[in-house]
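Overview (structure and organization)
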Amino acid sequence: MKVLVAVKRVIDYNVKVRVKSDGSDVDLANTKMALNPFCEIAVEEAIRLKEQGVASEVVVVSVGDKACQEQIRTALALGADRGIQIESEGAVDSLSVAKLLKAVVAEEQPELVILGKQSIDSDNNQTGQMLAALTAMPQATFASELKVADGKATVTREVDGGLQTLELTLPAVVTTDLRLNEPRYASLPNIMKAKRKPLDVKSVAELGVELKNNMKTLKVEPPAERQGGIMVSSVTELVEKLQNEAKAI
Ligand code: AMP
């Protein structure tokens, strides 16, 4: 069984995000970038399926400029077999990514496609759903457990108020939630080995997809600065400040 995993290069979650002075976007100059954490969980799950003998090949795909090869190599170091970069410059919206992934699905014919539930930069939470709709594959989002056997995927999902279990007929799309697994670290020998694993570069035109810019960022602004806190010396003073200064009570 072939598993396709979509991975995105995003700003590292430890980095304090800066906004460009003209408010046009987030400033990514000299910023540490990383594999989107939910994509890392997707890669880990695919590798575990391979280790269990359920998957025979794990292919990772990323849409982005040359820099995203770094994240593809990270996924290869974690254990994926080969990578595909779909070359694109600048921001590509979710629908365009989903269309490109659909073209890769048509070429690769995976039985399972795993995506993160969400990119931590754009917070869209929609690419997996769009891919499932475009390919007419069944989908299970926010997976916290995944079992694959006999042409079916059994997925436990975290929903409001509890857990829901779905059975999907393969091929299917699954998106990962935080508790699905704890990704491993890549070992140094595996990082070295990943440099020699195959990585194909494809153009958008080659995949027969025409990209439309459906979305425009109008403005990006940082959250309002929080006022510094103060220490009060007694409960009486606290109540007085809440009443007269904060007017909270
Ligand atoms: P989003 O819908 O943007 O929150 O992203 C959800 C998931 O879609 C991500 O975790 C990735 O698995 C996939 N995805 C989004 N953008 C890309 C991209 N540029 N390249 C590859 N996969 C992507």
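Residues numbered from 1 in each chain as written. Predicted model: local features only at pLDDT ≥ 70, side-chain atom pairs only at ≥ 80, totals over all residues. Heavy atoms only, no water.

Attention now goes to the overall build of the protein chain. In terms of regular secondary structure, the protein chain is built from six helices and eleven strands. Its C-alpha atoms give the protein chain principal-axis dimensions of roughly 70 × 45 × 40 Å. Every one of the 249 residues in the protein chain was classed for burial, and the buried ones make up 41%. Here the contacts in the protein chain between residues at least 6 apart in sequence split such that 69% fall between residues at least 24 apart. Total accessible area computed for the protein chain in this model is approximately 14,200 Å², and 51% of it derives from carbon and sulfur atoms. Each charge sign in the protein chain was given a centre, from 31 positive and 35 negative side chains, and these centres are 2 Å apart. (Helix = DSSP H or I, 4+ residues; strand = E, 2+ residues; numbered from the N terminus. Buried < 20%, exposed > 50% of the residue type's maximum accessible area, 1.4 Å probe, protein only. Contact = heavy atoms within 4.5 Å. Areas by Shrake-Rupley, 256 points an atom, 1.4 Å probe, with all protein chains shown as cover. Lys, Arg positive; Asp, Glu negative; His and termini not counted. Charge placed at Lys NZ, Arg CZ, Asp CG, Glu CD.)

Applying the stated criterion to the full structure yields 17 salt bridges. Between R48 and E44 there is a salt bridge, with the nearest N and O atoms lying 2.6 Å from each other. Taken together, the residues span about one helical turn, with R48 and E44 both in helix α1 (residues 37-51) at a distance of four residues. Among the residues examined, E44 registers a relative accessible area of 3% and is labelled buried. The shortest N-O distance in the salt bridge between D81 and K50 comes to 2.6 Å. Placement of D81 in the loop between α2 (69-78) and β5 (82-87) and of K50 in helix α1 is noted, with a sequence separation of 31 residues between them. Judged by relative accessible area, which is 21%, D81 ranks as partly exposed. Given the relative accessible area of 30%, K50 is considered partly exposed. Through salt bridges with shared partners, a single ionic network connects K2, E57, R82 and E108. (Salt bridge = Lys/Arg side-chain N within 4 Å of Asp/Glu carboxyl O.)

Counting buried positions over the five residues of strand β10 (residues 172-176) gives five, a clear majority of the element. Covered by surrounding structure in β10 are A172, V174 and T176 together with V173 and T175, the residues of both alternating faces. Sheet analysis places strand β6 (residues 112-116) next to β10, joined by five bridges and oriented parallel. Within β10, the position partnered with V113 by the bridge is V173. (Pairing = 2+ DSSP bridges.)

This part takes up helix α4 (residues 127-135). Those residues of α4 lying buried are T127, G128, L131 and A132. The buried residues of α4 occupy an angular sector of 135° when projected down its axis, which confines them to one face. Next to the buried residues of α4 lie α3 (94-108), β6, β7 (139-149) and β10. The first or second residue beyond α4 is A136, which carries a positive phi of 60°. (Arc of directions from axis to C-beta.)

As a matter of local geometry, the ligand sits amid 18 residues, with A6, S119, N125, Q126 and T127 nearest to it. One of the backbone N or O atoms of V63 is found 2.9 Å from a nitrogen atom in the ligand. N124 places a polar main-chain atom, nitrogen or oxygen, 3.3 Å from an oxygen atom of the ligand. Summarising the interface, the protein chains cover 97% of the accessible area of the ligand, which totals 480 Å² for the free molecule. Contributions of two or more residues to the shell around the ligand are made by β4 (57-64) and β6. Among the elements that line the shell around the ligand, the one with the most residues is β4, at three residues. For the shell around the ligand, the residue count by class is seven nonpolar, ten polar and one charged. (Near = heavy atom within 4 Å. Polar contact = N/O pair within 3.5 Å; in protein donor to acceptor, adjacent residues only side chain to side chain. Nonpolar A, V, L, I, M, F, W, Y, C, P; charged D, E, K, R; others polar.)

As far as function goes, none of this settles anything; it's purely spatial.
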